[in-house]
Amino acid sequence: MTTSASGLRRARFVLLAAALALPGCGTVNNLLSPVFGGGPPAGAPGFVRGFLGGVATEDPAAALVARNVLASGGTATDAAVAAGFALAVTLPSRAGLGGGGACLSFDPAKGATEAVLFLPGSRAAIPAGADRPAAVPLLARGLFGLYTRNPGRPFEELMAPAEQLARFGTEVSRGLATDLAAVSGPLFADPGARAIFARPDGQPKGAGEMMVQPELAGTLGQLRIAGVGDLHQGTLARRLEVASRTAGGNLTLEELRAGLPNLVAPIELPARNGDRLAFLPPPADGGLAAAATFAALQGGANLNDAARRGFAAAAAWRQGGGDARAILAASLPAAEPGPVGASTGLVVFDRSGNAVSCAFTVNNLFGTGRMAPSFGFLMAPAPNIGQVRPPLLSAALAYNPNIKSFRLAAAASGQEAAPAGVAGPVALQLLRSAAPRDAIEGGSPEPARTQLAVCPNYLPGYPDRCSIVTDPRGAGVALGAIDQ
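Calculation criteria
- Residues numbered from 1 in each chain as written.
- Predicted model: local features only at pLDDT ≥ 70, side-chain atom pairs only at ≥ 80, totals over all residues.
- Heavy atoms only, no water.
- Phe/Tyr/Trp six-rings, centres within 6.5 Å; stacked < 30°, edge-to-face > 60°.
- Helix = DSSP H or I, 4+ residues; strand = E, 2+ residues; numbered from the N terminus.
- Buried < 20%, exposed > 50% of the residue type's maximum accessible area, 1.4 Å probe, protein only.
- Lys NZ or Arg CZ within 6 Å of the ring centre and 35° of its normal.
- Expected span 1.5 Å × (residues − 1).
- Polar contact = N/O pair within 3.5 Å; in protein donor to acceptor, adjacent residues only side chain to side chain.
- Pairing = 2+ DSSP bridges.
- Axes fitted to C-alpha atoms, helices over the stretch in contact; angles between N-to-C directions.
- Contact = heavy atoms within 4.5 Å.

Novice: So what exactly am I meant to see when it comes to the packing of aromatic side chains here?
Specialist: Geometry of an aromatic ring pair is reported as the spacing of the ring centres plus the angle between the planes. In this structure the tally under the stated criterion is eleven aromatic pairs. Ring geometry for phenylalanine 118 versus phenylalanine 360: centroids 6.4 Å apart, planes at 50°, classification tilted. Taken as a pair, phenylalanine 118 in strand β3 (residues 112–118) and phenylalanine 360 in strand β10 (residues 355–361) lie far apart in primary sequence, 242 residues in all. Taken as a pair, phenylalanine 118 and phenylalanine 360 share a single burial class, namely buried. When the centroid spacing of 5.8 Å and the interplanar angle of 70° are considered together, the rings of phenylalanine 375 and phenylalanine 377 count as edge-to-face. Across the pair, exposure class does not vary: phenylalanine 375 and phenylalanine 377 are buried alike. Pairwise contacts between aromatic rings join Phe85, Phe144, Tyr147 and Phe155 into one cluster. Of note, arginine 239 hangs over the ring of phenylalanine 375, and the distance from its end group to the ring centre comes to 4.7 Å.

So this is what it looks like as C-alpha coordinates:
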(Lines give C-alpha, C1' and ligand atoms only; values in the text may rest on other atoms or scores of the structure.)
Protein backbone atom coordinates (compact mmCIF):
# COMPACT_ATOMS: atom_id res chain seq x y z
CA MET A 1 0.00 0.00 0.00
CA THR A 2 1.40 3.42 -0.91
CA THR A 3 0.49 6.57 1.01
CA SER A 4 2.17 9.90 1.55
CA ALA A 5 3.92 10.58 4.85
CA SER A 6 1.35 13.25 5.68
CA GLY A 7 -1.43 10.79 4.86
CA LEU A 8 0.07 8.30 7.27
CA ARG A 9 0.30 10.95 9.98
CA ARG A 10 -3.37 11.78 9.45
CA ALA A 11 -4.50 8.16 9.54
CA ARG A 12 -6.35 7.01 12.60
CA PHE A 13 -7.59 3.50 13.02
CA VAL A 14 -10.08 1.94 15.40
CA LEU A 15 -11.56 -1.52 15.98
CA LEU A 16 -15.25 -1.52 16.83
CA ALA A 17 -14.80 -3.09 20.25
CA ALA A 18 -18.32 -2.15 21.27
CA ALA A 19 -19.66 -4.56 18.65
CA LEU A 20 -18.09 -7.42 20.56
CA ALA A 21 -20.77 -7.01 23.22
CA LEU A 22 -23.18 -8.85 20.93
CA PRO A 23 -24.08 -12.40 22.13
CA GLY A 24 -21.34 -14.92 21.58
CA CYS A 25 -18.41 -12.64 20.82
CA GLY A 26 -16.47 -13.06 24.05
CA THR A 27 -16.82 -16.82 24.05
CA VAL A 28 -15.97 -17.07 20.37
CA ASN A 29 -12.85 -14.95 20.77
CA ASN A 30 -11.62 -17.23 23.56
CA LEU A 31 -12.26 -20.32 21.45
CA LEU A 32 -10.46 -18.90 18.47
CA SER A 33 -7.37 -17.71 20.34
CA PRO A 34 -5.49 -21.03 19.95
CA VAL A 35 -6.14 -20.86 16.19
CA PHE A 36 -5.79 -17.18 15.33
CA GLY A 37 -6.10 -15.24 18.59
CA GLY A 38 -6.02 -11.55 17.76
CA GLY A 39 -3.19 -12.19 15.30
CA PRO A 40 0.49 -12.94 16.05
CA PRO A 41 2.13 -11.01 18.92
CA ALA A 42 4.10 -7.85 18.15
CA GLY A 43 7.36 -8.67 16.43
CA ALA A 44 6.30 -12.18 15.39
CA PRO A 45 6.14 -13.20 11.70
CA GLY A 46 2.80 -12.20 10.20
CA PHE A 47 2.08 -9.51 12.78
CA VAL A 48 0.06 -6.67 11.24
CA ARG A 49 0.44 -3.22 12.78
CA GLY A 50 -2.18 -0.49 12.41
CA PHE A 51 -4.77 -0.67 9.65
CA LEU A 52 -6.10 -4.19 8.96
CA GLY A 53 -9.01 -3.48 6.63
CA GLY A 54 -12.58 -4.29 7.59
CA VAL A 55 -15.31 -6.92 7.59
CA ALA A 56 -19.09 -6.86 7.98
CA THR A 57 -21.33 -9.92 8.24
CA GLU A 58 -24.71 -10.86 9.65
CA ASP A 59 -23.05 -13.00 12.33
CA PRO A 60 -20.62 -11.71 15.00
CA ALA A 61 -18.60 -14.94 15.25
CA ALA A 62 -17.92 -15.02 11.51
CA ALA A 63 -16.86 -11.36 11.60
CA LEU A 64 -14.39 -12.16 14.40
CA VAL A 65 -12.96 -15.04 12.39
CA ALA A 66 -12.40 -12.77 9.38
CA ARG A 67 -10.95 -9.96 11.50
CA ASN A 68 -8.44 -12.37 13.06
CA VAL A 69 -7.39 -13.63 9.63
CA LEU A 70 -6.68 -10.04 8.58
CA ALA A 71 -4.74 -9.53 11.82
CA SER A 72 -2.64 -12.58 10.94
CA GLY A 73 -1.60 -11.05 7.63
CA GLY A 74 -4.23 -12.77 5.51
CA THR A 75 -5.78 -11.24 2.41
CA ALA A 76 -9.41 -10.22 2.04
CA THR A 77 -9.87 -13.47 0.11
CA ASP A 78 -8.47 -15.47 3.02
CA ALA A 79 -10.78 -13.65 5.43
CA ALA A 80 -13.85 -14.23 3.24
CA VAL A 81 -13.07 -17.95 2.94
CA ALA A 82 -12.63 -18.34 6.70
CA ALA A 83 -15.81 -16.36 7.39
CA GLY A 84 -17.76 -18.41 4.83
CA PHE A 85 -16.86 -21.66 6.59
CA ALA A 86 -17.63 -20.04 9.96
CA LEU A 87 -21.09 -18.97 8.76
CA ALA A 88 -21.79 -22.63 7.92
CA VAL A 89 -21.38 -23.30 11.65
CA THR A 90 -22.78 -20.19 13.28
CA LEU A 91 -25.61 -19.22 10.87
CA PRO A 92 -26.76 -22.57 9.40
CA SER A 93 -30.19 -21.14 8.73
CA ARG A 94 -28.72 -19.20 5.79
CA ALA A 95 -25.32 -20.73 4.97
CA GLY A 96 -23.98 -24.26 5.10
CA LEU A 97 -21.94 -27.03 3.53
CA GLY A 98 -25.16 -28.27 1.91
CA GLY A 99 -25.64 -24.97 0.11
CA GLY A 100 -23.48 -22.50 -1.79
CA GLY A 101 -23.20 -18.89 -2.81
CA ALA A 102 -21.55 -16.36 -5.09
CA CYS A 103 -18.73 -13.85 -4.60
CA LEU A 104 -17.11 -10.88 -6.30
CA SER A 105 -13.34 -10.51 -5.85
CA PHE A 106 -11.23 -7.43 -6.61
CA ASP A 107 -7.45 -7.73 -6.88
CA PRO A 108 -5.58 -4.41 -7.26
CA ALA A 109 -2.66 -6.22 -8.90
CA LYS A 110 -5.03 -7.14 -11.75
CA GLY A 111 -7.11 -3.98 -11.55
CA ALA A 112 -10.22 -6.02 -12.25
CA THR A 113 -13.13 -7.81 -10.56
CA GLU A 114 -14.04 -11.47 -11.03
CA ALA A 115 -17.16 -13.42 -10.05
CA VAL A 116 -16.97 -16.89 -8.49
CA LEU A 117 -20.33 -18.67 -8.66
CA PHE A 118 -21.07 -21.77 -6.61
CA LEU A 119 -24.84 -21.80 -6.24
CA PRO A 120 -26.40 -24.96 -4.77
CA GLY A 121 -26.59 -27.18 -7.83
CA SER A 122 -29.87 -27.80 -9.65
CA ARG A 123 -31.21 -31.24 -10.57
CA ALA A 124 -32.41 -32.33 -14.00
CA ALA A 125 -35.55 -33.89 -12.54
CA ILE A 126 -37.06 -35.07 -9.27
CA PRO A 127 -35.16 -38.24 -8.31
CA ALA A 128 -37.26 -41.34 -7.81
CA GLY A 129 -38.11 -41.83 -4.15
CA ALA A 130 -36.95 -38.38 -3.06
CA ASP A 131 -39.52 -36.52 -0.98
CA ARG A 132 -37.19 -33.53 -0.49
CA PRO A 133 -34.77 -33.44 -3.42
CA ALA A 134 -31.47 -31.93 -2.36
CA ALA A 135 -29.31 -29.47 -4.26
CA VAL A 136 -25.75 -30.47 -5.07
CA PRO A 137 -23.67 -28.94 -2.22
CA LEU A 138 -21.08 -26.45 -3.43
CA LEU A 139 -20.02 -24.24 -0.53
CA ALA A 140 -16.71 -26.00 0.20
CA ARG A 141 -15.64 -26.29 -3.43
CA GLY A 142 -16.81 -22.74 -4.07
CA LEU A 143 -14.81 -21.29 -1.20
CA PHE A 144 -11.74 -23.12 -2.47
CA GLY A 145 -12.40 -21.62 -5.91
CA LEU A 146 -12.56 -18.17 -4.31
CA TYR A 147 -9.35 -18.91 -2.40
CA THR A 148 -7.43 -19.54 -5.63
CA ARG A 149 -8.04 -15.97 -6.79
CA ASN A 150 -5.76 -14.29 -4.21
CA PRO A 151 -4.52 -16.56 -1.40
CA GLY A 152 -2.21 -15.54 1.40
CA ARG A 153 -2.59 -18.08 4.19
CA PRO A 154 -2.78 -21.91 3.88
CA PHE A 155 -6.30 -23.06 3.01
CA GLU A 156 -6.45 -25.66 5.78
CA GLU A 157 -5.60 -22.92 8.30
CA LEU A 158 -8.62 -20.94 7.13
CA MET A 159 -10.93 -23.91 7.78
CA ALA A 160 -9.67 -24.45 11.33
CA PRO A 161 -11.74 -21.75 13.11
CA ALA A 162 -15.02 -23.16 11.77
CA GLU A 163 -14.01 -26.66 12.85
CA GLN A 164 -13.16 -25.37 16.33
CA LEU A 165 -16.47 -23.51 16.62
CA ALA A 166 -18.38 -26.65 15.68
CA ARG A 167 -16.37 -28.97 17.93
CA PHE A 168 -16.19 -26.90 21.10
CA GLY A 169 -19.38 -24.92 20.65
CA THR A 170 -20.47 -21.38 20.00
CA GLU A 171 -23.24 -19.24 21.39
CA VAL A 172 -26.43 -18.88 19.37
CA SER A 173 -26.45 -15.40 17.83
CA ARG A 174 -29.46 -13.09 17.79
CA GLY A 175 -29.87 -13.66 14.07
CA LEU A 176 -29.88 -17.44 14.35
CA ALA A 177 -32.24 -17.29 17.34
CA THR A 178 -34.68 -15.22 15.29
CA ASP A 179 -34.55 -17.72 12.42
CA LEU A 180 -35.02 -20.66 14.80
CA ALA A 181 -38.06 -19.06 16.39
CA ALA A 182 -39.62 -18.59 12.94
CA VAL A 183 -39.42 -22.23 11.75
CA SER A 184 -38.72 -24.40 14.80
CA GLY A 185 -41.97 -26.36 14.46
CA PRO A 186 -41.31 -28.05 11.12
CA LEU A 187 -37.51 -27.96 11.61
CA PHE A 188 -37.65 -30.00 14.81
CA ALA A 189 -39.50 -32.80 13.04
CA ASP A 190 -36.00 -33.86 11.96
CA PRO A 191 -34.19 -35.54 14.86
CA GLY A 192 -30.77 -34.36 13.69
CA ALA A 193 -31.87 -30.73 13.59
CA ARG A 194 -33.68 -31.04 16.90
CA ALA A 195 -30.54 -32.43 18.59
CA ILE A 196 -28.53 -29.35 17.56
CA PHE A 197 -30.99 -26.49 17.76
CA ALA A 198 -33.48 -27.43 20.51
CA ARG A 199 -33.28 -27.19 24.28
CA PRO A 200 -33.93 -30.30 26.38
CA ASP A 201 -37.55 -29.14 26.78
CA GLY A 202 -38.01 -29.07 22.99
CA GLN A 203 -38.06 -25.28 22.65
CA PRO A 204 -35.69 -23.54 20.23
CA LYS A 205 -32.43 -22.31 21.67
CA GLY A 206 -32.24 -18.60 22.32
CA ALA A 207 -29.51 -16.02 21.87
CA GLY A 208 -26.53 -16.73 24.08
CA GLU A 209 -27.18 -20.44 24.56
CA MET A 210 -24.45 -22.91 23.59
CA MET A 211 -24.62 -24.90 20.36
CA VAL A 212 -22.20 -27.81 19.81
CA GLN A 213 -22.03 -29.63 16.44
CA PRO A 214 -19.64 -32.61 16.70
CA GLU A 215 -20.70 -34.28 13.43
CA LEU A 216 -20.20 -31.05 11.49
CA ALA A 217 -16.79 -30.67 13.14
CA GLY A 218 -15.89 -34.16 11.93
CA THR A 219 -16.94 -33.30 8.37
CA LEU A 220 -14.97 -30.05 8.40
CA GLY A 221 -11.95 -31.87 9.81
CA GLN A 222 -12.09 -34.47 7.05
CA LEU A 223 -12.35 -31.74 4.41
CA ARG A 224 -9.45 -29.88 5.97
CA ILE A 225 -7.25 -32.98 5.92
CA ALA A 226 -8.34 -34.68 2.68
CA GLY A 227 -9.33 -31.58 0.68
CA VAL A 228 -12.75 -30.27 -0.34
CA GLY A 229 -12.86 -32.64 -3.31
CA ASP A 230 -13.46 -35.51 -0.89
CA LEU A 231 -17.07 -34.36 -0.60
CA HIS A 232 -17.48 -34.78 -4.38
CA GLN A 233 -15.41 -37.75 -5.43
CA GLY A 234 -13.90 -39.39 -2.35
CA THR A 235 -14.91 -41.20 0.79
CA LEU A 236 -17.21 -38.41 1.94
CA ALA A 237 -18.94 -38.36 -1.45
CA ARG A 238 -19.75 -42.06 -1.28
CA ARG A 239 -21.03 -41.66 2.27
CA LEU A 240 -23.10 -38.61 1.31
CA GLU A 241 -24.77 -40.49 -1.52
CA VAL A 242 -26.11 -42.96 1.04
CA ALA A 243 -26.88 -40.35 3.71
CA SER A 244 -28.80 -38.17 1.27
CA ARG A 245 -31.19 -41.02 0.53
CA THR A 246 -31.92 -41.32 4.26
CA ALA A 247 -32.75 -37.60 4.31
CA GLY A 248 -34.93 -37.81 1.21
CA GLY A 249 -32.49 -35.83 -0.94
CA ASN A 250 -31.25 -38.68 -3.18
CA LEU A 251 -28.00 -37.22 -4.47
CA THR A 252 -25.87 -39.38 -6.76
CA LEU A 253 -22.11 -39.73 -6.92
CA GLU A 254 -22.20 -38.56 -10.55
CA GLU A 255 -23.98 -35.34 -9.57
CA LEU A 256 -21.58 -34.70 -6.70
CA ARG A 257 -18.57 -35.25 -8.97
CA ALA A 258 -19.93 -32.86 -11.61
CA GLY A 259 -20.60 -30.03 -9.17
CA LEU A 260 -18.00 -27.30 -9.78
CA PRO A 261 -17.73 -23.56 -9.13
CA ASN A 262 -17.53 -21.23 -12.12
CA LEU A 263 -15.27 -18.22 -12.67
CA VAL A 264 -17.15 -15.73 -14.84
CA ALA A 265 -17.13 -12.05 -15.74
CA PRO A 266 -19.43 -9.89 -13.61
CA ILE A 267 -22.05 -7.49 -14.91
CA GLU A 268 -20.37 -4.07 -15.00
CA LEU A 269 -21.85 -0.58 -15.27
CA PRO A 270 -20.02 2.75 -15.48
CA ALA A 271 -20.07 5.09 -12.50
CA ARG A 272 -18.57 8.50 -11.80
CA ASN A 273 -14.89 9.40 -12.09
CA GLY A 274 -14.07 6.44 -14.28
CA ASP A 275 -15.24 3.93 -11.65
CA ARG A 276 -16.74 0.59 -12.63
CA LEU A 277 -19.55 -1.02 -10.63
CA ALA A 278 -19.57 -4.84 -10.78
CA PHE A 279 -22.58 -6.99 -9.90
CA LEU A 280 -23.00 -10.73 -9.58
CA PRO A 281 -24.00 -12.21 -12.97
CA PRO A 282 -26.66 -14.89 -13.61
CA PRO A 283 -27.40 -17.50 -12.47
CA ALA A 284 -26.89 -15.34 -9.36
CA ASP A 285 -29.70 -13.26 -10.80
CA GLY A 286 -30.11 -11.06 -7.76
CA GLY A 287 -27.02 -9.33 -9.15
CA LEU A 288 -28.85 -8.72 -12.42
CA ALA A 289 -31.82 -7.34 -10.46
CA ALA A 290 -29.49 -5.08 -8.45
CA ALA A 291 -27.80 -3.85 -11.65
CA ALA A 292 -31.18 -3.02 -13.22
CA THR A 293 -32.28 -1.27 -10.02
CA PHE A 294 -29.08 0.79 -9.90
CA ALA A 295 -29.39 1.75 -13.57
CA ALA A 296 -32.95 2.95 -12.95
CA LEU A 297 -31.86 4.95 -9.89
CA GLN A 298 -29.04 6.44 -11.94
CA GLY A 299 -31.67 7.53 -14.45
CA GLY A 300 -33.72 9.32 -11.78
CA ALA A 301 -36.33 6.70 -10.81
CA ASN A 302 -37.48 6.43 -7.21
CA LEU A 303 -36.50 3.34 -5.23
CA ASN A 304 -39.85 1.56 -5.55
CA ASP A 305 -40.00 1.94 -9.33
CA ALA A 306 -36.34 1.05 -9.65
CA ALA A 307 -36.86 -2.11 -7.57
CA ARG A 308 -39.73 -3.18 -9.83
CA ARG A 309 -37.42 -2.71 -12.80
CA GLY A 310 -34.98 -5.02 -11.05
CA PHE A 311 -37.65 -7.66 -10.47
CA ALA A 312 -38.58 -7.49 -14.14
CA ALA A 313 -34.98 -8.11 -15.20
CA ALA A 314 -34.62 -11.11 -12.86
CA ALA A 315 -37.98 -12.50 -13.99
CA ALA A 316 -36.96 -12.19 -17.66
CA TRP A 317 -33.77 -14.13 -17.03
CA ARG A 318 -35.56 -16.83 -15.01
CA GLN A 319 -38.11 -17.28 -17.77
CA GLY A 320 -35.74 -17.55 -20.70
CA GLY A 321 -32.12 -16.98 -19.76
CA GLY A 322 -30.16 -14.98 -22.31
CA ASP A 323 -27.56 -12.24 -22.20
CA ALA A 324 -27.66 -10.13 -19.05
CA ARG A 325 -26.68 -6.91 -20.82
CA ALA A 326 -29.43 -7.40 -23.41
CA ILE A 327 -31.95 -7.84 -20.59
CA LEU A 328 -30.69 -4.65 -18.93
CA ALA A 329 -31.18 -2.74 -22.18
CA ALA A 330 -34.61 -4.19 -22.96
CA SER A 331 -37.97 -2.57 -22.27
CA LEU A 332 -39.64 -4.96 -19.83
CA PRO A 333 -43.11 -5.04 -18.29
CA ALA A 334 -43.31 -4.20 -14.61
CA ALA A 335 -43.00 -7.18 -12.33
CA GLU A 336 -43.71 -7.90 -8.69
CA PRO A 337 -41.56 -10.27 -6.65
CA GLY A 338 -42.72 -13.70 -5.66
CA PRO A 339 -41.44 -15.62 -2.64
CA VAL A 340 -37.75 -16.44 -2.86
CA GLY A 341 -35.26 -18.17 -0.59
CA ALA A 342 -33.14 -16.75 2.23
CA SER A 343 -29.48 -15.70 2.09
CA THR A 344 -26.81 -13.86 4.05
CA GLY A 345 -24.19 -11.29 3.04
CA LEU A 346 -20.51 -10.62 3.70
CA VAL A 347 -18.09 -7.85 2.70
CA VAL A 348 -14.38 -7.66 3.53
CA PHE A 349 -11.37 -5.63 2.39
CA ASP A 350 -7.74 -5.67 3.48
CA ARG A 351 -4.99 -3.10 3.93
CA SER A 352 -3.68 -3.65 0.39
CA GLY A 353 -7.00 -2.87 -1.31
CA ASN A 354 -8.11 -6.43 -2.04
CA ALA A 355 -11.87 -6.77 -1.53
CA VAL A 356 -14.53 -9.48 -1.58
CA SER A 357 -18.33 -9.27 -1.50
CA CYS A 358 -20.37 -12.48 -1.10
CA ALA A 359 -23.88 -13.81 -0.70
CA PHE A 360 -24.44 -17.33 0.72
CA THR A 361 -27.54 -19.51 0.82
CA VAL A 362 -29.10 -22.88 1.58
CA ASN A 363 -32.03 -21.80 -0.65
CA ASN A 364 -34.80 -22.01 1.97
CA LEU A 365 -34.41 -20.95 5.58
CA PHE A 366 -32.64 -24.01 7.09
CA GLY A 367 -32.60 -25.66 3.65
CA THR A 368 -34.73 -28.80 3.41
CA GLY A 369 -34.98 -28.88 7.19
CA ARG A 370 -33.19 -32.23 7.27
CA MET A 371 -29.66 -33.02 8.39
CA ALA A 372 -27.50 -35.31 6.29
CA PRO A 373 -27.03 -38.14 8.83
CA SER A 374 -23.50 -38.29 10.32
CA PHE A 375 -22.46 -35.18 8.34
CA GLY A 376 -23.94 -32.53 10.62
CA PHE A 377 -25.15 -30.13 7.93
CA LEU A 378 -28.57 -29.31 6.56
CA MET A 379 -29.20 -30.18 2.95
CA ALA A 380 -30.37 -27.41 0.64
CA PRO A 381 -33.46 -28.00 -1.51
CA ALA A 382 -32.90 -28.35 -5.24
CA PRO A 383 -33.88 -25.08 -6.92
CA ASN A 384 -36.86 -24.77 -9.25
CA ILE A 385 -38.34 -28.12 -8.20
CA GLY A 386 -41.78 -27.91 -6.64
CA GLN A 387 -42.24 -24.68 -4.68
CA VAL A 388 -38.54 -23.94 -4.24
CA ARG A 389 -37.45 -20.67 -5.84
CA PRO A 390 -33.77 -19.81 -5.39
CA PRO A 391 -32.85 -16.57 -3.61
CA LEU A 392 -31.89 -13.35 -5.32
CA LEU A 393 -28.21 -13.43 -4.35
CA SER A 394 -27.11 -9.80 -4.38
CA ALA A 395 -23.64 -8.27 -4.12
CA ALA A 396 -21.73 -5.44 -5.79
CA LEU A 397 -18.19 -4.06 -5.85
CA ALA A 398 -16.94 -0.71 -7.18
CA TYR A 399 -13.37 -0.09 -8.31
CA ASN A 400 -11.36 2.15 -10.58
CA PRO A 401 -9.54 0.24 -13.34
CA ASN A 402 -7.32 3.21 -14.24
CA ILE A 403 -5.68 3.48 -10.83
CA LYS A 404 -6.38 -0.18 -9.90
CA SER A 405 -8.05 0.76 -6.63
CA PHE A 406 -10.99 -0.38 -4.52
CA ARG A 407 -13.90 2.00 -3.84
CA LEU A 408 -16.90 0.15 -2.42
CA ALA A 409 -18.37 -3.29 -1.63
CA ALA A 410 -21.94 -4.18 -0.72
CA ALA A 411 -23.98 -7.32 -0.08
CA ALA A 412 -27.54 -7.76 1.13
CA SER A 413 -30.01 -10.39 2.27
CA GLY A 414 -33.74 -9.95 2.69
CA GLN A 415 -35.43 -12.24 0.17
CA GLU A 416 -37.12 -10.11 -2.52
CA ALA A 417 -35.65 -6.88 -1.08
CA ALA A 418 -32.01 -8.01 -1.38
CA PRO A 419 -31.34 -6.44 -4.84
CA ALA A 420 -32.62 -3.04 -3.71
CA GLY A 421 -30.70 -3.53 -0.46
CA VAL A 422 -27.54 -3.45 -2.58
CA ALA A 423 -28.52 -0.96 -5.28
CA GLY A 424 -30.11 1.68 -3.03
CA PRO A 425 -27.17 2.24 -0.65
CA VAL A 426 -24.64 1.95 -3.50
CA ALA A 427 -26.52 4.60 -5.49
CA LEU A 428 -26.73 6.96 -2.51
CA GLN A 429 -23.02 6.57 -1.81
CA LEU A 430 -21.68 6.70 -5.38
CA LEU A 431 -24.12 9.23 -6.83
CA ARG A 432 -24.78 11.47 -3.81
CA SER A 433 -21.76 10.80 -1.58
CA ALA A 434 -23.95 9.82 1.36
CA ALA A 435 -22.18 8.52 4.46
CA PRO A 436 -22.26 4.70 4.59
CA ARG A 437 -24.71 4.44 7.51
CA ASP A 438 -26.93 7.12 5.97
CA ALA A 439 -26.79 5.25 2.66
CA ILE A 440 -28.07 2.08 4.33
CA GLU A 441 -30.75 3.83 6.35
CA GLY A 442 -31.94 5.86 3.37
CA GLY A 443 -31.60 3.31 0.58
CA SER A 444 -32.14 -0.19 1.96
CA PRO A 445 -35.83 -1.17 2.11
CA GLU A 446 -37.30 -3.68 4.55
CA PRO A 447 -36.65 -6.56 4.96
CA ALA A 448 -33.20 -6.08 3.37
CA ARG A 449 -30.12 -6.21 5.60
CA THR A 450 -27.11 -4.54 3.97
CA GLN A 451 -23.36 -4.85 4.62
CA LEU A 452 -21.40 -1.93 3.20
CA ALA A 453 -17.69 -1.03 2.94
CA VAL A 454 -16.61 2.31 1.47
CA CYS A 455 -13.23 3.91 0.73
CA PRO A 456 -14.30 7.21 -0.90
CA ASN A 457 -10.70 8.16 -1.76
CA TYR A 458 -9.86 4.60 -2.81
CA LEU A 459 -7.62 1.94 -1.36
CA PRO A 460 -4.63 1.62 -1.56
CA GLY A 461 -4.07 5.27 -0.75
CA TYR A 462 -6.25 6.71 1.99
CA PRO A 463 -7.07 4.11 4.65
CA ASP A 464 -8.10 6.78 7.17
CA ARG A 465 -11.14 7.53 4.99
CA CYS A 466 -12.41 3.94 4.85
CA SER A 467 -15.60 2.88 6.64
CA ILE A 468 -17.34 -0.44 7.16
CA VAL A 469 -20.95 -0.67 8.33
CA THR A 470 -23.47 -3.38 9.09
CA ASP A 471 -27.21 -2.75 8.79
CA PRO A 472 -28.32 -1.26 12.14
CA ARG A 473 -31.66 -3.07 11.85
CA GLY A 474 -29.98 -6.47 11.76
CA ALA A 475 -28.00 -8.68 14.12
CA GLY A 476 -24.64 -8.42 12.34
CA VAL A 477 -21.38 -6.73 13.21
CA ALA A 478 -18.79 -4.61 11.40
CA LEU A 479 -15.14 -4.64 12.50
CA GLY A 480 -12.51 -2.37 11.02
CA ALA A 481 -11.79 1.21 10.07
CA ILE A 482 -14.28 4.03 10.51
CA ASP A 483 -14.19 7.77 9.91
CA GLN A 484 -13.27 9.81 12.97
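Novice: It is not clear to me how helix α3 (residues 60–71) should be interpreted in this structure. Could you clarify?
Specialist: Residue pairs three or four apart in sequence face the same way in an α-helix, which turns once every 3.6 residues. Between its terminal C-alpha atoms α3 stretches 16 Å, which fits the 16 Å expected from twelve residues at 1.5 Å a residue. Burial analysis of α3 places twelve of its twelve residues in the buried class, which makes it a mostly covered element. Among the residues making up α3, those that are buried are Pro60, Ala61, Ala62, Ala63, Leu64, Val65, Ala66, Arg67, Asn68, Val69, Leu70 and Ala71. At the N-terminal boundary of α3, the capping side chain belongs to aspartate 59, with an oxygen 3.1 Å from the backbone nitrogen of alanine 61. Glycine 73 sits one or two residues past α3 and shows a positive phi near 90°.

Novice: Sorry if this is basic, but what is going on with the sheet that holds strand β8 (residues 276–279) here?
Specialist: In a beta sheet, neighbouring strands pair by backbone hydrogen bonds and run either parallel or antiparallel. One open sheet holds the six strands; their spatial order is β7-β8-β11-β12-β13-β14, and the pairing between them is antiparallel. At either end of the open sheet lies a strand with only one pairing partner, and these are β7 (267–270) and β14 (467–470). For this sheet, the mean angle separating the axes of adjacent strands, direction not counted, is 15°. Note that strand β12 (residues 405–413) and strand β13 (residues 449–459) share seven bridges and pair antiparallel. Along β13, the bridge assignment pairs alanine 412 with threonine 450. Where helix α13 (residues 285–298) meets the sheet, it contacts β7, β8 and β11 (394–400), and its direction lies at approximately 10° from that of β7. In the packing of helix α17 (residues 436–443) onto the sheet, the strands contacted are β13 and β14, and the crossing angle to β14 comes to about 35°.

Novice: Could you clarify how one ought to interpret the sheet that holds strand β1 (residues 53–57) in this entry?
Specialist: An order of β6-β3-β2-β10-β9-β1-β15 is seen for the seven strands of this open sheet, with the pairing classed as antiparallel. Here the strands that pair on one side only, and so sit at the sheet edges, are β6 (262–264) and β15 (477–480). On average, each strand axis in the sheet is inclined to that of its neighbour by 15°, with strand direction left out of account. Sitting on the sheet, α3 touches β1, β9 (344–350) and β15, and the angle it makes with β1 is about 165°.

So, to be careful, I would describe these as geometric facts and stop short of saying anything about function.
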